[in-house]
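Coordinate analysis (summary)
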Amino acid sequence: MSEIKETKAQRVERLKREKNAWEHFDEIRAFARQGHASIPPEWLGTYFRSWGVYTQGDGAGVVGGKNGEGKATPFFMVRIRIPNGLLSSHQARTIADLAEHHARGVADITVRQNVQLHWVTIESLPEVLETLWSVGLSTTGACGDVVRNITGCPLAGFDVHEYCDASPLAEELNGQLGGKAEFYNLPRKFKISITGCRSWCTYPEINDVGLTAITRKRLHGQEVGFSLRVAGGLSTDPHLGVRLNAFVRWEQAVPVVRGVAELFRASEVLRQNRERARLKFLFLQHGWTADSFLAALQDRLGFALDPAEPEELPSDIHRDHVGIHAQKQPGFSYIGANVLRGRITPEQLRTAANLSDRYAGGHLRNTIMQNLLIVNVPNEHASRVAGELTAVGLPVRASAFARGTVACTGSEFCKLALTETKGFARWLTEELDQRLPGFQEQLKLHITGCPNSCGQHWIADIGIEGKKLKVDGRMVDAYYFCVGGSVGEFASIARPVGYRCAASEVPDAIERLLREFNEQRAPGENLRRFFARHTNEQLRALLAGESVAPVERDAATGPVPMGVES
């Protein structure tokens, strides 16, 4: 009788049941003493991830590997968990030091307000983790089948128009769910967003749980509470969060989010297939609805939630906070610096930390658009702070292309990627700035190196997805175009238009498309409306410069990544 082989899902579930890796820092210390060769496969493939540690690729991405995953090197990506994007100057300097001494000077701000280090060796890992702990930072739960970094408005407490400062709730949720043994073994990653702002700058629509502040009238005035959305997510099966018929009072926010996480944890059907294990698949494949989910949640909570209140959806606006803007505190401003493609150097981090100490009480913030803010700057010093940030390559005034560009990790470090993205993002924005100087339209240009949407191309005005293409007998980086993605009032998944080209031709394609937009747009028409009134055939012709037949989006070449942002 032949032996029944474990599936990938069964193996991962068994390993998680057998060990909570957070309780075994002693093993990481032993690996550091004995060297990389001593690390067993279950740590490299599963246990390190819940520590926020992920094996680093060889620069070729998925190409050259096997089973849908590229070759690993003896180096690691280490993701630092930064709840709500709140960062002190001391913490920023510590990250700069770690990047300089252990990561070859490479640090990336991610689309979940984290910071990622690269090139970390196993010999350095214990020191990196302990140094982060000493300044109140952690990596636990930054990867793996756990509650990921909890995102929130980086301007919480400072935004002129906010309903409330929700950062205390984000921090309380982080304390209860983040890095806690009770939520170590979830079916897959679990993402939470909570914001008190009106612009929904944390993209609650693409989180497993999204709480957005709202008000309702009471006898003694206005009460602030939250709308509740569940089961959002992108990757290869994009799904916008489903709004439940519920008004969540402030004191209910933490138990409600905890209840959703517990429902997810208890779902055995989601543990059968690693590629179909996110919360959204209850809706996509297992027949759940907003009503049935709410009923299950209320059963678990043991109390009923009040019916939802009408909400005001944010319209087409930038949510990146770049520039100099007034705070709610009279006489103070916040300053948003553009960090192109999220890559920031130790010198830049130290400069920002020093400026925040000198002028702003040491307050920094990361954003999900991969940018960096200094908050609480006296107005009389705002121009000087902006000038010094710009001088080290963190411009406060950025072009529409630099400001709107987001890029995933790409094949430089990711084993799942098909294309290199970070260097390409810089080149692409420089090309577009030269070709279309003065372009002013708000533009979200998102670059993702594979179909898994870690660069969030599904919610971009122009989203390009990494592919490979044979040109003159050799395989080169290429991109597939999707357009018209949006969040907020006009939330929608970008539509594939059937056009693919080599990476070297992407500037030509975008230039043709945007020149046509500039010349033919109706009065007051934005990109979203322009794309909506054109067919896929018309958009393909604009991108290609001629009529071309559609190209199908090919499926993902491998499994959905378990450690990179998506």
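Scroll up a little and you will see the structure.
Residues numbered from 1 in each chain as written. Predicted model: local features only at pLDDT ≥ 70, side-chain atom pairs only at ≥ 80, totals over all residues. Heavy atoms only, no water.

1. With respect to helix H16 (residues 536–544)
All buried positions along H16 are accounted for by Leu539, Arg540, Leu542, Leu543 and Ala544. In this structure, the buried residues of H16 make contact with strand E18 (474–483), strand E19 (495–502), helix H14 (506–520) and helix H15 (527–532). (Buried < 20%, exposed > 50% of the residue type's maximum accessible area, 1.4 Å probe, protein only. Helix = DSSP H or I, 4+ residues; strand = E, 2+ residues; numbered from the N terminus. Contact = heavy atoms within 4.5 Å.)

2. Considering the packing of helix H4 (residues 89–102) against helix H10 (residues 346–360)
For the pair H4 and H10, the least separation of the axes is 8 Å and the interaxial angle reads 165°. Here H10 runs roughly antiparallel to H4, going by the angle between their axes. Judged by the twist between their axes, the crossing of H4 over H10 is left-handed. Every residue of H10 that contacts H4 at Ser89, Ala92, Arg93, Ile95, Ala96, Asp97, Ala99 and Glu100 is listed here: Pro346, Leu349, Arg350, Ala353, Asn354, Ser356 and Asp357. Its residues assigned to classes, the contact of H4 with H10 shows seven nonpolar, three polar and five charged. (Axes fitted to C-alpha atoms, helices over the stretch in contact; angles between N-to-C directions. Parallel < 35°, antiparallel > 145°, perpendicular 65-115°, else oblique. Left-handed = near helix turned anticlockwise from the far one by under 90°. Nonpolar A, V, L, I, M, F, W, Y, C, P; charged D, E, K, R; others polar.)

3. A few points about the sheet that holds strand E2 (residues 72–80)
If you trace the five strands from one edge of the open sheet to the other, you get E1-E2-E5-E4-E12, paired in antiparallel fashion. Each edge of the sheet is formed by a strand with only one pairing partner; in this case those strands are strand E1 (53–57) and strand E12 (343–344). Direction of pairing for E2 relative to strand E5 (residues 115–120): antiparallel, over a ladder of four bridges. Looking across to E5, one finds that Arg79 is bridged to Gln116. The strands touched by H4 within the sheet are E2, strand E4 (107–109) and E5, with E5 carrying the most contacts at an inclination of about 20°. (Pairing = 2+ DSSP bridges.)

4. Regarding the environment of His446
With respect to the helices, strands and loops of the structure, His446 is situated in strand E16 (residues 445–448). On the basis of relative accessibility, which here comes to 0%, the residue His446 falls in the buried class. The contacts of His446, once residues within four sequence positions are left out, are Met369, Gly404, Val406, Gly455, Gln456, His457, Ala460, Ile462, Gly463 and Ile464. Of the polar contacts made by the side chain of His446, one reaches the backbone oxygen of Gly455; its length is 2.9 Å. Separated by 3.2 Å, the side chain of His446 and the backbone oxygen of Gln456 make a polar contact. (Polar contact = N/O pair within 3.5 Å; in protein donor to acceptor, adjacent residues only side chain to side chain.)

5. Considering the side chain of Gln348
Mapped onto the elements of the fold, Gln348 is located in helix H10. By relative accessible area, Gln348 is classed as buried at 10%. Here Gln348 is in contact with Arg343, Val392, Gly393 and Leu394, once residues within four sequence places are set aside.

6. Observations concerning the nonpolar core
Residues Trp43, Phe48, Trp51, Ile95, Leu117, Leu125 and Leu389 are the most contacted members of the largest nonpolar core, which totals 58 residues. Ranked by residue count, the leading element in this core is H10, at six residues. The next biggest cluster of nonpolar side chains, apart from the first, holds 43 residues, and it includes Val147, Ala166, Ala213 and Val260. (Core = buried A, V, L, I, M, F, W, Y, C linked by side-chain atoms within 4.5 Å.)

7. Comments concerning the pairing of strand E17 (residues 462–471)
Taking burial as the measure, the 10 residues of E17 include seven buried ones, the bulk of the element. One ladder, built from four bridges, connects E16 with E17; its direction is parallel. For Thr448, the partnering residue across the bridge sits in E17 and is Glu465. In the sheet, E17 pairs with E18 via 10 bridges, with the strands oriented antiparallel. When the sheet's bridge partners are listed, Gly463 is paired in E18 with Cys482. The antiparallel hairpin formed by E17 and E18 contains two residues in its connecting segment, where Asp472 sits at a positive phi of about 50°.

8. Focus on the state of the cysteines
By definition, a disulfide links the sulfur atoms of two cysteines through a covalent bond. Per the stated rule, a full pass over the model turns up zero disulfides. The thiol of Cys153 is unpaired, and the distance to the nearest cysteine sulfur, on Cys201, comes to 3.7 Å. The buried category is assigned to Cys153, whose relative accessible area is 3%. You can see Cys164 has no disulfide; the closest cysteine sulfur is in Cys197, sitting 9.3 Å from it. (Disulfide = S-S within 2.5 Å.)

9. Structural notes on the pattern of salt bridges
Taken as a whole, this structure holds 42 salt bridges when the rule is applied. Taking the shortest distance from any N to any O, the salt bridge between Glu6 and Arg14 comes out at 2.7 Å. Judged by its relative accessible area of 34%, Glu6 falls in the partly exposed class. On the basis of relative accessibility, which here comes to 27%, the residue Arg14 falls in the partly exposed class. (Salt bridge = Lys/Arg side-chain N within 4 Å of Asp/Glu carboxyl O.)

10. What about the pairing of strand E14 (residues 372–378)?
E14 sits mainly inside the fold: six of its seven residues count as buried. Here strand E11 (residues 332–337) pairs with E14 via five bridges, running antiparallel. Residue pairing across strands places Ser333 opposite Val377, the latter belonging to E14. Strand direction decides the pairing type here: strand E13 (residues 363–366) and E14, joined by three bridges, are antiparallel.

11. Digging into the environment of Arg403
Assignment of secondary structure puts Arg403 in helix H12 (residues 400–404). For the pair Arg403 and Leu445, spaced 42 residues apart in the sequence, the C-alpha separation amounts to 9.0 Å. One polar contact links Arg403 to Asp320, side chain to side chain, over a distance of 2.7 Å.

12. Looking at the packing of helix H1 (residues 8–18) against helix H3 (residues 41–50)
At a minimum axis separation of 10 Å, H1 and H3 run at an interaxial angle of 85°. With respect to H3, the axis of H1 lies roughly perpendicular. Residue-level inspection shows Arg11, Val12, Leu15 and Glu18 of H1 in contact with H3, the latter providing Glu42, Thr46 and Tyr47. Class assignment for the residues of the contact of H1 with H3 results in three nonpolar, one polar and three charged.

13. Topic: the sheet that holds E14
Strands sit in the order E3-E13-E14-E11-E10 across an open sheet of five strands; the sheet is antiparallel. Looking at the sheet topology across the chains shown, the edges are occupied by strand E3 (86–88) and strand E10 (323–326). Across the sheet, the axes of successive neighbouring strands diverge by a mean angle of 30°, strand direction being ignored. Across four bridges, E10 lies against E11 in antiparallel orientation. Bridge pairing in E11 links Ala326 to Ser333. Packed on one face of the sheet, helix H11 (residues 379–391) meets E10, E11 and E14 and runs near 150° to E14.

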